[in-house]
Amino acid sequence: ANDVDPGNLSPPPLAGTFVVTTDMDSSSCGRKYLFQVLSAADLNHWMVELRRLSRDTRRQRDYSQKTKFQRFQERSRRLYESFAIQAFFAILIGLNFIVNVVEAQLVPDEDSTEERVFTILDAAFTAGFSLELAWNMFVHDPKQFWVDPWNLFDTIVVLFSILALALE
């Protein structure tokens, strides 16, 4: 009942082929593997998965070669650069501006309660900006930090703020 001649069977048409070459440092020592797929969707799926696996493996290798301090610094950098932290410091800058405007409008008397409140607020803002600057310095390579003009500007502003507090 078998009417099919095995000699007449042809393989299904291929949508594509791709080659995976392993790292020379891996257990496969730079071997090349040829893969063939039957559809464009299969090819796309393989490409997406291989890129993800390659990226994840590279991250894991990079992560395992770092010291605990470097891993902590990297986690701190990701937190520092997160939207929530950057938004927090942007709001802090805005609040500091508003407080300075209100203080300039009120012109509190010397040794008054209002002047002490503004001095405390100024000290709190300066402390917050100093912590942000220290955190920024910690999470970035010194060369990377000092070539950024915004970091130079932040450093000068914070240093002048500390100096102004010290001279009060």
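Everything in this summary refers to the structure shown in the same document. This structure is a prediction, so every number in the text was calculated from the model and none was measured.

**Some thoughts on the packing of helix H2 (residues 68-80) against helix H4 (residues 113-139)**
Packed helices, taken two at a time, are described by their axes: the angle between them and the distance between them.
Working step 1: Where H2 contacts H4, the two axes come as close as 9 Å, and the packing angle between them is 130°. One way to sum up the angle between H2 and H4 is to call them oblique. Handedness of the H2/H4 crossing: left-handed. Here Phe 69, Phe 72, Gln 73, Ser 76, Arg 77, Leu 79 and Tyr 80 of H2 lie close against H4, whose contacting residues are Glu 132, Trp 135, Asn 136, Phe 138 and Val 139.
Working step 2: Class assignment for the residues of the contact of H2 with H4 results in seven nonpolar, three polar and two charged.

**Side note on the packing of aromatic side chains**
Working step 1: With the rule as written, the count across this model stands at eight aromatic pairs.
Working step 2: With 5.8 Å between their ring centres and 55° between their planes, Phe 72 and Phe 138 make a pair best called tilted. Remark: Phe 138 occurs in helix H4 and Phe 72 occurs in helix H2; sequence separation between them is 66 residues.
Working step 3: Residue Phe 72 is classed as partly exposed on the basis of its relative accessible area, which comes to 45%.
Working step 4: The exposure class of Phe 138 is partly exposed, given its relative accessible area of 26%.
Working step 5: Ring pairs connect the aromatic residues Phe 69, Phe 72 and Phe 138, which therefore count as one cluster.

About the cut-offs
- Residues numbered from 1 in each chain as written.
- Predicted model: local features only at pLDDT ≥ 70, side-chain atom pairs only at ≥ 80, totals over all residues.
- Heavy atoms only, no water.
- Axes fitted to C-alpha atoms, helices over the stretch in contact; angles between N-to-C directions.
- Helix = DSSP H or I, 4+ residues; strand = E, 2+ residues; numbered from the N terminus.
- Parallel < 35°, antiparallel > 145°, perpendicular 65-115°, else oblique.
- Left-handed = near helix turned anticlockwise from the far one by under 90°.
- Contact = heavy atoms within 4.5 Å.
- Nonpolar A, V, L, I, M, F, W, Y, C, P; charged D, E, K, R; others polar.
- Phe/Tyr/Trp six-rings, centres within 6.5 Å; stacked < 30°, edge-to-face > 60°.
- Buried < 20%, exposed > 50% of the residue type's maximum accessible area, 1.4 Å probe, protein only.

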